[in-house]
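# Chain and residue survey
Below, each chain spelled out in residue letters.
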Number of protein chains: 2
Amino acid sequence: MGNSEGNDALNHQVRLAARPTGTPGPEVWEHTSEPVPVPGPGRLVVRVGHISLDPAMRGWMNAGRSYVPPVEIGAVMRALGFGEVVASEHPDFAVGDTVTGIFGVQSYAESDGSGLQKVTPSADVPPERYLALLGMTGMTAYFGLFDVGALAEGETVVVSGAAGAVGSVVGQLAKIKGCRVVGIAGGPEKCAWLVDELGFDAAIDYRTEDVRKALRTAAPDGIDVYFDNVGGEILDAALTRLRRGARVVICGSISTYNATEPPPGPSNYMSLLVNRARMEGFVVFDYADRYGEAATELAGWLAQGRIRSREDVVDGTVADFPDVLLRLFRGDNTGKLVLRLTR
Amino acid sequence: MGNSEGNDALNHQVRLAARPTGTPGPEVWEHTSEPVPVPGPGRLVVRVGHISLDPAMRGWMNAGRSYVPPVEIGAVMRALGFGEVVASEHPDFAVGDTVTGIFGVQSYAESDGSGLQKVTPSADVPPERYLALLGMTGMTAYFGLFDVGALAEGETVVVSGAAGAVGSVVGQLAKIKGCRVVGIAGGPEKCAWLVDELGFDAAIDYRTEDVRKALRTAAPDGIDVYFDNVGGEILDAALTRLRRGARVVICGSISTYNATEPPPGPSNYMSLLVNRARMEGFVVFDYADRYGEAATELAGWLAQGRIRSREDVVDGTVADFPDVLLRLFRGDNTGKLVLRLTR
């Protein structure tokens, strides 16, 4: 037993103190510290280095039936992360191994090893990339676009939240498949990045443009796959431009996650009938047995320079998590938002 | 040439005079009469006996892109019908043949024969049934439930507009496949008919019950296939009860067809994500090359007494069409609404 962190180290944690109404303010969080855990038999302890910030977190904070149980009141907030094994009584993990997993918003996590992935950062591939293109973000884009979206070569793809973690990967994957790709994002810098750096065919700034009209120009023949990360009015606008047999992939709805009243649904959903189209949701965890396939492809395209991963890394402590999370809902991030722990 | 109807007969017609706002009142129709047409070479004339009334008609009256072109202002209103060939210069049709087709709201229709089906009414199978179970209505239920809905034996099926033409067939088809079937309809008589006569497992009266709560009782394990004919709040309620992998079949949205403002969309559509479910629209005309398959199956089940067809036949003249159409939107009909022309 024992613990390389010494007896003075503390495990700093952010716990959910109350279920939020609307945007989660400081009142929903509780900051605690505990002794660094010591692993029991078959278990290990990870010192968390990077915490992933994901729009889905907002859903995990709500009560009620969903695709995963809600974070309980008083529990450490659920989060994906990257870290280093600092103590191990587990046969498959040694001190010094670097791993990703659901570690929570805390500086140390105890685990039985299930769900952990060993990863090997390098000069070319920094740790945060295993939470982005080479992690759940990349998996979400990959399975959402190729499996749920059933993308075919040469189709027209429109993606919302296009400068976000998942959206920016979706667009690049569609370009690799020879598609026309239109991104919808907020602000001229993000739109320029999509077109100039990532090779999107067009970008629409939803903050200044009428999305419905802009889609007429940017996707003149209509949309084959609409990959939705935002919901709300942008989803509704995209529905008016579906082609026959279109697929609408429901990945998220960030524009509505902090709504205090039930947000309006997509008024134009009858476009699904007119265009014999389908709208389908998915949860990336269902594809766990195929993560290897996606990781191999994504890493290959990354190595070939055919796809880029951008991480928006914020340095801070565990206690900064509540503030950093809000950047997602303001649309402040470009690419994957990650909190790197400076301790 | 010539025409068995004699020189004095007139073709009475109902034409679309203006695009309706909201419920189509008398001001949107124009009543005209013309000489009965005489068929040119390769053409024929049908004396229309029965006119099919379908919720889809309301959509055909609107301007704009849809799955079929809108009825032009001044044109005879589009309608499916049954009739008898009264004059023919077409090699495949003889005077006396009985046929179904898109004849319009008029007493005589001229045709080149394309899209016409020869049918043979009998003592057991009256003409109106070829506009109901053995016509587009039955095809819509069959392909919507089995193909779009991908129904599997033993699943739980919920259908709205359940006492209507399509809904009443959908529920019976699902019972044939060993499913638990819940119908949503308006009024105690319709609900009793679904359970007592058609063998539905449960019926919910949306006029007096809270549909969302009632579904908890009627479909306690959730919904595998929700077949939607009505849209609006009932669709939204059904979305809250989807099972994992559910299919929502979008067949119609009668509750919103006469809306004068864009109706709210289904606020609970994110249930598609949580439950990895899909919502898909379809148009029965796409299945034209498989109508034979469906007709054979449906006729077989009908002959075996495993399925019933109920037609709500209204006797009247072509001029009665505008009033009879409104019965659909009031939910006055049980089963397939048909106008039988008394001339």
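Residues numbered from 1 in each chain as written. Chains lettered and ligands numbered in written order. Predicted model: local features only at pLDDT ≥ 70, side-chain atom pairs only at ≥ 80, totals over all residues. Heavy atoms only, no water.

Residue and element names in this part refer to chain A. Tallying each qualifying case throughout the model produces 11 aromatic pairs over all chains. Relative to Phe 321, the ring of Trp 29 lies with its centre 5.4 Å away and its plane at 85°, an arrangement referred to as edge-to-face. In this pair, Trp 29 is assigned in strand S2 (residues 29-35) and Phe 321 in helix H9 (residues 321-330), connecting sequence segments 292 residues apart. Both residues of the pair, Trp 29 and Phe 321, belong to the buried class. Of the aromatic side chains, those joined through ring pairs into one cluster are Tyr 142, Phe 143, Phe 146 and Tyr 287. (Phe/Tyr/Trp six-rings, centres within 6.5 Å; stacked < 30°, edge-to-face > 60°. Helix = DSSP H or I, 4+ residues; strand = E, 2+ residues; numbered from the N terminus. Buried < 20%, exposed > 50% of the residue type's maximum accessible area, 1.4 Å probe, protein only.)

With that out of the way, let us pick up the sheet that holds strand S8 (residues 156-160) of chain A. Taken in spatial order, the 12 strands line up as S10(A)-S9(A)-S8(A)-S11(A)-S12(A)-S13(A)-S13(B)-S12(B)-S11(B)-S8(B)-S9(B)-S10(B) in an open sheet, and their pairing is mixed. At either end of the open sheet lies a strand with only one pairing partner, and these are strand S10 (202-205) of chain A together with strand S10 (202-205) of chain B. Shown here is a sheet whose adjacent strand axes are inclined to one another by a mean of 15°, direction ignored. Across three bridges, strand S13 (residues 278-281) of chain A lies against strand S13 (residues 278-281) of chain B in antiparallel orientation. Across the sheet, Glu 280 of chain A pairs through a bridge with Arg 278 of chain B, a residue of S13 of chain B. Contacts from helix H5 (residues 211-218) of chain A reach S8, strand S9 (180-185), S10 and strand S11 (223-228) of chain A, with the element oriented near 170° to S10 of chain A. (Pairing = 2+ DSSP bridges. Axes fitted to C-alpha atoms, helices over the stretch in contact; angles between N-to-C directions. Contact = heavy atoms within 4.5 Å.)

Let us look at the side chain of Arg 78 of chain B. Residues and elements named next belong to chain B. Here Arg 78 shows up in the loop between helix H1 (56-60) and strand S4 (80-88). Although Arg 78 is buried, it makes no salt bridge; Glu 72 carries the closest opposite charge, 7.5 Å away. At a separation of 2.8 Å, a polar atom in the side chain of Arg 78 contacts the main-chain carbonyl oxygen of Pro 69. Among all residues touching Arg 78, those that are not within four sequence positions of it are Met 57, Trp 60, Val 68, Pro 69, Pro 70, Val 71, Ile 102 and Gly 104. (Lys, Arg positive; Asp, Glu negative; His and termini not counted. Salt bridge = Lys/Arg side-chain N within 4 Å of Asp/Glu carboxyl O. Polar contact = N/O pair within 3.5 Å; in protein donor to acceptor, adjacent residues only side chain to side chain.)

Turning our attention to the domain arrangement of chain A. Residue and element names in this part refer to chain A. Taken as a whole, chain A is organised into domain 1 (10-132 + 310-341) and domain 2 (136-285). Summarising the inter-unit geometry, the C-alpha centres of domain 1 and domain 2 are found 28 Å apart. With 21 residues of domain 1 at the interface, the matching set in domain 2 holds 15 residues. Here domain 1 meets domain 2 over a buried area of about 1,500 Å², counting both sides, of which 62% is carbon and sulfur. Between the two partners, domain 1 and domain 2, sit zero salt bridges. Joining domain 1 to domain 2, the criterion identifies eight residue pairs in polar contact (both at pLDDT 80 or more). Looking at the side of domain 1 that touches domain 2, the element that brings in the most residues is H9, giving three residues. (Domains from an automatic or database assignment. Buried area = accessible area lost by both parts, 1.4 Å probe.)

Our focus in this paragraph is the relation of the copies chain A and chain B. Superposing chain A onto chain B takes a rotation of 180° combined with a translation of 0.0 Å along the rotation axis, leaving an RMSD of 0.0 Å. As the rotation angle and translation indicate, the two copies are arranged about a two-fold axis. Considering only C-alpha atoms, the residue of chain A closest to the rotation axis is Gly 265 of chain A, which sits at 2.0 Å. Most of the interface of chain A is mirrored in chain B, where 100% of its interface residues again form contacts. (Least-squares fit on C-alpha atoms with pLDDT ≥ 70 in both.)

Here, UniProt's "domain: Enoyl reductase (ER)" (unreviewed entry) annotation points to residues 22-339 of chain A. The span residues 22-339 of chain A shows a helical share of 26% and a strand share of 25%, and its end C-alpha atoms are spaced 23 Å apart. (UniProt positions renumbered as here; feature names shortened; annotations may be inferred.)

Counting from both sides, the interface comprises 36 residues of chain A and, opposite them, 36 residues of chain B. Roughly 2,700 Å² of surface becomes buried between chain A and chain B when both sides are summed, with 57% attributable to carbon and sulfur atoms. Counting every contact that joins chain A to chain B gives four salt bridges. Here Arg 244 of chain B ties to Asp 286 of chain A by a salt bridge, and the two come within 2.8 Å at their closest N and O atoms. Linking chain A with chain B are 11 residue pairs in polar contact (both at pLDDT 80 or more), by the criterion used here. At four residues, the largest contribution of residues to the side of chain A that touches chain B is made by S13 of chain A. Broken down by class, the residue content of the side of chain A that touches chain B amounts to 19 nonpolar, 10 polar and seven charged. (Nonpolar A, V, L, I, M, F, W, Y, C, P; charged D, E, K, R; others polar.)

On inspection of all chains with the given rule, the structure shows 34 salt bridges over all chains. For Arg 330 of chain A, the salt bridge goes to Asp 332 of chain A, with nearest N and O atoms at 2.9 Å. Taking the relative accessible area as the measure of exposure, Asp 332 of chain A reaches 43% and is therefore partly exposed. As a salt-bridge pair, Glu 84 of chain B and Arg 47 of chain B come within 3.4 Å of each other at their nearest N and O atoms. With Glu 84 of chain B in strand S4 and Arg 47 of chain B in strand S3 (residues 44-52), this residue pair connects regions lying 37 residues apart in the sequence. Look at Glu 84 of chain B and you get partly exposed, because its relative accessible area is 31%. The exposure class of Arg 47 of chain B is partly exposed, given its relative accessible area of 25%.

Nonpolar side chains in soluble globular proteins tend to end up buried together. If you look at the biggest cluster of nonpolar residues, it comprises 59 residues, and the most contacted ones within it are Tyr 226 and Val 248 of chain A together with Tyr 226 and Val 248 of chain B. Residues contacting Tyr 226 of chain B, with those up to four places away along its chain left out, are Val 158, Ser 160, Ile 234, Leu 235, Ala 238, Arg 247, Val 248 and Val 249 of chain B. (Core = buried A, V, L, I, M, F, W, Y, C linked by side-chain atoms within 4.5 Å.)

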